[in-house]
Structure formats: C-alpha cells, structure tokens
Amino acid sequence: MNSHHSSLSYLDPARAEPWASFIEQIDRVAPHLGPLSHWLETLKRPKRILVVDVPIIRDDGSIAHYEGYRVQHNLSRGPGKGGVRFHPAVTLNEVMALAGWMTIKNAALGLPFGGAKGGVRIDPRGFSRAELERITRRYTSEIGIVIGPDKDIPAPDVGTDQQTMAWMMDTYSVNVGHTASGVVTGKPVALGGSLGRHEATGRGVYIAAREAGARLGVPIDGARVVVQGFGNVGGIAARIFRENGAKVIALQDAEATIANPLGIDIPAALTHATAHGSLSGFFGAEPVSEDDFWQLECEYFVPAALEGQVTPERAHNLRTRIIVEGANGPTTPAADDILRQRNILVIPDVLANAGGVTVSYFEWVQDFSSFFWSEEEINARLESIMVKAFDAIWQLALEREVSIRTAAFIIACQRVLAAREQRGLYP
Ligand code: GLU
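Counting of residues starts from 1 at the beginning of each chain's written sequence and follows it residue by residue. At least 70 in pLDDT is required for a residue's local features to be given in this predicted model, at least 80 for side-chain atom pairs to be given and counted, and no such filter applies to totals for whole chains, interfaces and linings, which use all residues. Based on all heavy atoms of the structure, the side-chain values leave hydrogens and waters out of the count.

One side-chain nitrogen of Lys or Arg within 4 Å of one carboxyl oxygen of Asp or Glu is enough to make a salt bridge. With the rule as written, the count across this model stands at 34 salt bridges. As a salt-bridge pair, Arg224 and Glu297 come within 3.6 Å of each other at their nearest N and O atoms. Residue Arg224 is located in strand β7 (residues 224–228), and its partner Glu297 is located in the loop between α8 (290–293) and β11 (300–303); the two are separated by 73 residues in the primary sequence. As a salt-bridge pair, Glu290 and Arg314 come within 2.9 Å of each other at their nearest N and O atoms. The helix and strand labels rest on DSSP assignments: H or I over at least four residues marks a helix, E over at least two residues marks a strand, and numbering proceeds from the N terminus.

Another aspect to go through is the pairing of β7. Counting buried positions along β7 gives 4 out of 5 residues, so the element sits mostly inside the fold. Two strands qualify as a pair provided that DSSP identifies no fewer than 2 bridges between them. The sheet contact formed by β7 and strand β8 (residues 247–252) spans 5 bridges and is parallel. Its bridge partner lying in β8, Gln228 is registered against Gln252. Following the chain from β7 across helix α6 (residues 234–243) to the adjacent parallel β8, one finds a crossover that is right-handed. In this sheet, β11 lies alongside β7 in parallel orientation, the contact comprising 4 bridges. Residue pairing in the sheet places Val226 in a bridge with Phe301 of β11. Burial here depends on accessible area, computed with a 1.4 Å probe over protein chains only, as a share of the maximum for the residue type. Under 20% is buried, over 50% is exposed, and the range in between is partly exposed. With the strands aimed away from the viewer, a crossover counts as right-handed if its path from the first strand over the helix to the second runs clockwise.

Right, let's talk about the site of the ligand for a bit. Whether a residue is near a molecule or strand depends on its heavy atoms: it is near if one of them lies within 4 Å of it. Lining the immediate environment of the ligand, one finds 14 residues, of which Lys81, Lys105, Pro156, Asp157 and Ser360 sit closest. Any pair of nitrogen or oxygen atoms within 3.5 Å is treated as a polar contact; in protein, a donor-acceptor pairing is required on top of that, and neighbouring residues in sequence qualify only through side-chain atoms on both sides. A distance of 2.7 Å separates an oxygen atom of the ligand from a polar atom in the side chain of Lys81. At 2.6 Å from an oxygen atom of the ligand is found a side-chain nitrogen or oxygen belonging to Lys105. Sort the elements by how many residues they give to the shell around the ligand and helix α12 (residues 355–369) lands first, with 3 residues. Residues belonging to the shell around the ligand are distributed by class as follows: 4 nonpolar, 5 polar and 5 charged. Residue polarity is assigned by list, with Asp, Glu, Lys and Arg as charged and Ala, Val, Leu, Ile, Met, Phe, Trp, Tyr, Cys and Pro as nonpolar; anything else, Gly included, falls into the polar class.

Axis definition: a line fit to C-alpha positions, over the contact stretch in the case of helices; interaxial angles, taken between N-to-C directions, run 0 to 180 degrees. α6 packs onto helix α5 (residues 197–216) with a crossing angle of 50° between their chain directions and a minimal axis gap of 8 Å. By the angle between their axes, α5 is oblique relative to α6. In this structure, α5 crosses over α6, and the sense of that crossing is right-handed. Contacts from His198, Glu199, Gly202, Arg203, Val205, Tyr206 and Ala209 in α5 reach Ile236, Ala237, Arg239, Ile240 and Phe241 in α6. Between 65 and 115 degrees an angle is taken as roughly perpendicular, under 35 as roughly parallel, over 145 as roughly antiparallel, and anywhere else as oblique. The crossing is said to be left-handed when, going from far helix to near helix, the turn is anticlockwise and less than a right angle, and right-handed when the turn is clockwise. Contacts are assigned to residue pairs with any non-hydrogen atoms lying within 4.5 Å of each other.

Helix packing geometry: the angle between the two helix axes and the distance between the axes. In contact at an axis separation of 8 Å, helix α1 (residues 19–29) and helix α2 (residues 92–109) are set at 35° when each is read in the N-to-C sense. Residue-level inspection shows Trp19, Phe22, Gln25 and Ile26 of α1 in contact with α2, the latter providing Asn93, Met96, Ala97, Gly100, Trp101 and Ile104. Of the residues in the contact of α1 with α2, the class split is 7 nonpolar, 3 polar and no charged.

Before going further, it helps to examine the nonpolar core. Counting 96 residues, the largest nonpolar core has Phe241, Leu251, Tyr300, Val324 and Ile347 as its most contacted members. In contact with Val324, not counting residues within four places along its chain, are Val205, Ala208, Ala209, Tyr300, Phe301, Val302, Pro303, Ile347 and Ala352. Nonpolar cores were defined as sets of buried Ala, Val, Leu, Ile, Met, Phe, Trp, Tyr and Cys residues, with membership established by side-chain atoms within 4.5 Å. With 25 residues, the next largest nonpolar core counts Val52, Val54, Ile122 and Ile135 among its residues.

This brings us to the sheet that holds strand β12 (residues 322–324). Pairing is mixed across the open sheet formed by 7 strands, whose spatial order is β10-β9-β8-β7-β11-β12-β13. The strands lining the two open edges of the sheet, one partner per strand, are β10 (286–287) and β13 (345–347). Across 2 bridges, β11 lies against β12 in parallel orientation. Note on β12: the bridge partner recorded for Phe301 is Ile323.

As a further point, take unusual backbone geometry. Excluding glycine, residues mostly carry a negative phi; peptide bonds, for their part, are mostly trans. Omega for the peptide link from Glu17 to Pro18 comes to 0°, which places this bond in the cis form. Relative to the helices and strands, Pro18 resides in the segment before α1. In this structure, the amide linkage connecting Tyr426 to the following residue, Pro427, adopts the cis form with an omega of 10°. Note on placement: Pro427 falls in the segment after α14 (404–423). One non-glycine residue, Asn343, lies in positive phi territory at about 65°. Considering the arrangement of structural elements, one finds Asn343 in the loop between α10 (333–341) and β13. With a phi close to 55°, Glu401 is a non-glycine residue in the positive phi region. Tracing the sequence through the fold places Glu401 in the loop between α13 (375–400) and α14.

Spatially, β1-β2-β5-β4 is the arrangement adopted by the 4 strands of the open sheet, whose pairing is mixed. A single partner strand is all that each edge strand has here, and the edge strands are β1 (48–57) and β4 (84–86). Within the sheet, the average angular offset between the axes of one strand and its neighbour, ignoring direction, is 20°. Across 3 bridges, β4 lies against strand β5 (residues 115–120) in parallel orientation.

As a further point, take the side chain of Asn93. Structurally, Asn93 is set in helix α2. Discounting residues that sit within four places of it in the chain, Asn93 has contacts with Ala16, Glu17, Pro18 and Trp19.

It is worth spelling out the packing of aromatic side chains at this point. Any two rings among Phe, Tyr and Trp, with Trp reduced to its six-membered ring, count as a pair given centres within 6.5 Å; such a pair is stacked if its planes are under 30 degrees apart, edge-to-face if over 60, and tilted if neither. Using the criterion set out here, one finds 16 aromatic pairs in the structure. Ring plane angle 45° and centroid distance 5.3 Å describe the contact between Phe362 and Trp373, whose orientation is recorded as tilted. Highlighted residues: Phe362 in helix α12 and Trp373 in the loop between α12 and α13, separated in sequence by 11 residues. Comparing Phe362 with Trp373, the two get one shared label, buried. In textbook terms, an aromatic cluster arises when at least three aromatic residues are bridged by ring pairs, as seen for Phe113, Tyr361, Phe362, Trp364, Phe368 and Trp373. We call a charge positioned above a ring when the Lys NZ or Arg CZ atom is no farther than 6 Å from the ring centre and deviates by at most 35 degrees from the ring normal. A cation over an aromatic ring shows up here: Arg381 above the ring of Trp373, its NZ or CZ 4.6 Å from the ring centre.

Have a look at this one:
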C-alpha cells in the first residue's frame, strides 16, 4: 500500500527517536482500522514544519542564536494545539513526535483540535529572566506566521510556564494590533487564563490512576507511589495522590533521586523544590541510586519527566502494578511489549496526561466567549471528559484484546482519519 510514498529528507534516518516510537505506535494501529487504514500514511508525516532562527542580544552585549521549531502534525479536526518546550535536548525529531502525540491525545479525548508542538533548544536555567523574555518574544514573533487563536494555539510544556505564555500572548497581540488572548493557553488568570489549568495535568494523571486502580482492585488509599519528575505534572500529581491517601515513597527530578518508605511529605518537598530549584538537599528522604529507584516495589509508577525513560531493561526490572504516564512518550514500544507480558498495566500518555490540554480547551473556549467559569465547574467538566474517555478506551481494549495505548490510538486514528476522508484531498 505504501509503494507510492517517497521518503522525506527530514525523516531520514526515519527511525531516529522519539519519532520512530511514534511511527511504530501508528503501525500497530493499522490492522485495527479497516478501510480507514487507507489514510494512515497521513499520520506518518507532519503536515507542516517551521524551523526558525531565534537571535537575541545577551545581557553581556553579545549576540546568540538558538534554534526553534513549530510542527503542525495534523489539522484535520481543528486548529493545531500543543505546548512549547524549552530544553537543551529539543530536536526537530522530538518536536515532530510530541506534535504527533498531541494529534492522538486531542482526538482520543474528543477535543476539537489537531496536533502541534513547539520548542527552542535552550537550557532555560542558563538565562536571566530578561534573556528568557527576549528568546520567548523573538520565537513567538518568528512562529507568528503559523499560530493564532483559530490556527494553532501553543501552551506550556517542559521548561515553560505561565509567564512564558504571558510574553507569547503579548508578543502576538502587539504584532496583530489587538489583544488576542486565545492565541495561547496556560496563561495567568489575570490575562484570560483558566482557573484549574495549572493543576489540570497532575489532576488528570490522578483521575486516570484512580480509574485504572478501581478496575484492577488497587485502591489509591494506602498505595505506594513512585514519581519520576517533580515539575508541573509530577509535583502536582504527587500532591493529589497523597491527599487521597497514597504514600509517595520515591521521587526523582533532574538533580536528585530520593526515597522514604514511610512516605514523603509532598508539601514539604514542593516547598523545598520551589526554594532551591530541585529536590537535592531535601531532608525528608534518603538519596537512592538510579537502579534502585527503578526497582522499588510500588502499586503505581508515574513517569512524569521526558521521553524514552521506560526502556526494555527497566521494563524487566520494574516492580509495580500500574504505570501512569504523566510525561509524553516515556515508554518505548519494545518496553510496552515487555510490560504487557509481565502484566503491568500501562495507562498511556495520550490518556493519562490529557487533563492539561483538556483544560486548555476550556481556557480557549472561555477566551472566545469572554465568559469565565468557576473552578468547580472546570474540575467537574475535566472529571467527566477524562472518565468518559477512560471508559471508552478501556472497553475497546477489552473487546479487541489490545493494550490501553493501542485502544486509545484506535479511537483517535478513527476520528482523525474519518475527518481526513470526509474532507477529502484538495485539489
Ligand atoms: N504540553 C501539554 C501536553 O503535552 C499541554 C498542551 C496544551 O495544553 O496545549 O499535553
């Protein structure tokens, strides 16, 4: 079927990670799509890729250049949607995969968006606030030709936050000549941000864990939880797990790996991390080795950092019942197979971490209508969308005897490819 497809230079070598993992996940869905699989190649190439130069004057007067990207993977179901990552390891290949996962996530949840993602290859910790503002503004201005409230709507991701979104909203607004609050989500509430958005990804991770636990008979109350990543996703998820009676027995961030079998005091750890920029030096737990961290006995393991963390080797060693993916792409397809053999349930990123973009959707709707909802209303709607998606995906996984990831991909690909088919190809 693919005989007419020539390869593209930026996909070559097409199998470089993490895009290769995304392609592998798409390939695994093909047998389940019936006639719609005819359109599947659509998902194996991003619709639109923009690479931009981001030059700034540094505080010392020198000129520096950084590389930025915005990838619109698929726009069949609506405008592009997905975060912007500031991280030293950002590559085009990574942004392509992250954009692809947004296509799947938005479709799996039924949000009226396509998938997109952006990034700048910098270590944000190496810049002053004024330099970060200049990088953000120049990047926004450069991608201004492809973003917009009805075109593509960025949001925070690793290394960016509400301040980044405020600068992006302001830069875009200045360039178009009017305040366009709907151009980004994850903004400060004072600028048209949504109540509950900051916590939404962590809250969604918790909801996904709770739903999985209820079906497997692994109650959150009293469960042991290990969390990799202690930022906007892992930090908040850890807090909500603990509020619901779980014991967070180990944490890892970029600088420290710590454990306490009695359960870590999460509010204290959050206060420490905010004050010192990392968990390192936190007295409420003992340092443990990387190897030990991946072998701790627990009921829930939450990778909430970066891609490719659950490798085949770690999949063999993990001693957990349920993996809840707070990060995007933390588990490689080979590791997925091992976990399935070992009967460890994986709640995939495209479902487990979809709470963030779900409340981004609410933010975008509120900005359009200039009518703002209460936090109770937002959390109730988040809960209902997450639970509904979880139910449908779980049911399909049972029917087809596939993993939860494959079931989520089946539902998402059906929606995206049906839209593709109904719209038809132009010309
Ligand atoms: N960066 C988040 C994600 O990976 C949120 C995206 C959004 O809100 O648009 O899902």
